[in-house]
Amino acid sequence: MSACKKARAEATSVVSSDRLSSLPPELKGDILSRLNVEEAVKTSTLSSTWRDAWTNMPKIFLRDGNFARTKFVTLVDMVLSLHNGTVEMFDISGSKTYHDEFGRWMRMLSRIRPRSVTIRLNSGPGYRIPSCLFSIGDLRVLHLQNCVFSLPRVFQGFKRLTHLDLKNFSSTDIDIQNLVSFCPVLSYLKLASFEGINYLNVQAPKLKRLHVFGDFEDINLDAPNLEAAVLSLAHEAKAQQSVPIAHDKESHVKKSLGDLSGIKTLGISGIFMKYLSKGCILTKLPVVFTRLENIYLTICFWDQRQVLTAYSLFQNAPNLKKLAVWSYASSTCDQDQARILEHTLQMKMDHLVMACVECFRGLDNEVDFVAKLLSWAPALEEVKIEWKGETDCSIVLAKLLALPRVSPRAN
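Residues numbered from 1 in each chain as written. Predicted model: local features only at pLDDT ≥ 70, side-chain atom pairs only at ≥ 80, totals over all residues. Heavy atoms only, no water.

Per an unreviewed UniProt entry, the chain carries the name F-box domain-containing protein and comes from Aegilops tauschii subsp. strangulata.

> I'd like a description of the side chain of N201, backed by residues and values.
For N201, the position within the fold is in strand β8 (residues 199-203). Here N201 falls in the buried class, since its relative accessible area comes to 8%. (Helix = DSSP H or I, 4+ residues; strand = E, 2+ residues; numbered from the N terminus. Buried < 20%, exposed > 50% of the residue type's maximum accessible area, 1.4 Å probe, protein only.)

> Please give an account of the packing of helix α4 (residues 69-82) against helix α5 (residues 99-112) that cites residues and values.
At their nearest, the axes of α4 and α5 sit 9 Å apart, and the two run at 25° to each other. Relative to α5, the element α4 lies roughly parallel. Handedness of the crossing formed by α4 with α5: left-handed. Where α4 abuts α5, its residues R69, F72, V73, V76, D77, L80 and S81 lie against E101, R104, W105, M108, L109 and I112. Looking at the contact of α4 with α5 residue by residue, the class counts come to eight nonpolar, one polar and four charged. (Axes fitted to C-alpha atoms, helices over the stretch in contact; angles between N-to-C directions. Parallel < 35°, antiparallel > 145°, perpendicular 65-115°, else oblique. Left-handed = near helix turned anticlockwise from the far one by under 90°. Contact = heavy atoms within 4.5 Å. Nonpolar A, V, L, I, M, F, W, Y, C, P; charged D, E, K, R; others polar.)

> Talk me through α5; I want residue IDs and the actual numbers.
Along its 14 residues, α5 runs 21 Å from first to last C-alpha, staying within 8% of the 20 Å computed at 1.5 Å per residue. Each element contacted by the buried residues of α5 is listed here: α4, β2 (89-94), β3 (116-121) and β4 (127-128). Two residues or fewer past α5, R113 is found with a positive phi of approximately 50°. (Expected span 1.5 Å × (residues − 1).)

> Can you lay out the packing of aromatic side chains for me, pointing to particular residues and giving the numbers?
This model, assessed by the stated rule, comprises 19 aromatic pairs. Geometrically, the ring pair formed by F72 and W105 is edge-to-face, given 6.5 Å between the ring centres and 85° between the ring planes. Of this pair, F72 sits in helix α4 while W105 sits in helix α5; the two residues are 33 residues apart in sequence, bridging distant segments of the chain. By way of ring pairs, the aromatic residues F134, F149, F155, F158, F169, F182, F194 and F216 are connected into one cluster. (Phe/Tyr/Trp six-rings, centres within 6.5 Å; stacked < 30°, edge-to-face > 60°.)

Structure, rendered in structure tokens:
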């Protein structure tokens, strides 16, 4: 390279370096947010202008990965104690135990007041969430795993929280109820694998999406703007408890499903179906789902209460378009098949265009269910059946082909 070209290249490099170095601290921090934290901290050795740039990173992601435990603790301490900018997102996860350091980290975290917090430290017993975390008033998103929490007595709520995701946690009925109800703009709620909650009371006027998977004995939903919900009990024993008396069956269903008239998508597990149908058979639910278009159900077709509860859901969803059903067998299902076959409920499903039955074994109850769909849904365009039977499928196929409006199609 000639001396002239070399000088020009060096000058260009200096100009580019000066341009980067002269960037505002916020832009430097945004650039460094795209690196992992350890690499971002190392940029402090580049020059004096980059020495403190990492302390303005708006997004902090901490992973212990291949770090030695002591080195990771030092890194987290340094990041939390020296950061002096606005933190949009704080995300920490690890496979080692940090119970001795956790309280200190949470106190430092509450001082920098991030808008999104994700904590996934999954090794060892649940981490007790200190009260200082509940003082972050600007929090928009909160993800917690493997934790235990009790709300402080002076909890003012998360006025801006829109997204709450709790997994593998322990709390109480009143604390989870207050946590949800004190988040007035909450739009997404996921509660999974929890302990200590028997009566789940969800009061959230702005909630649009709900996912519940865990052990509980009763549930009350008050979410008038809910658009999609997945409800699942973790263990079948809970579905057997608190069976309502006959005259209380309507309030039981209304309390369980709440004001869900605006819901568009509903998913219900088999155990929750058992819970929903326990102690009663309804042909007319006290709730009408005028906007419900998609239903996903897991059903034991031996259990007459589950089947009739499913029919009641269909009857109260006049605009249903898509239906997906998973068939499962259970030793605790009601074996009174005759009463199912005698069921003569008539209804119209004028908008149903697609139906799917998975884990289909060719049982008479399943074939009867398909037959009813065909007779109730004049606009039905496609019925998809996924075979999972041990008997000769040709026998079942003959039964299906004998039904009206059925024609074979290779798949």
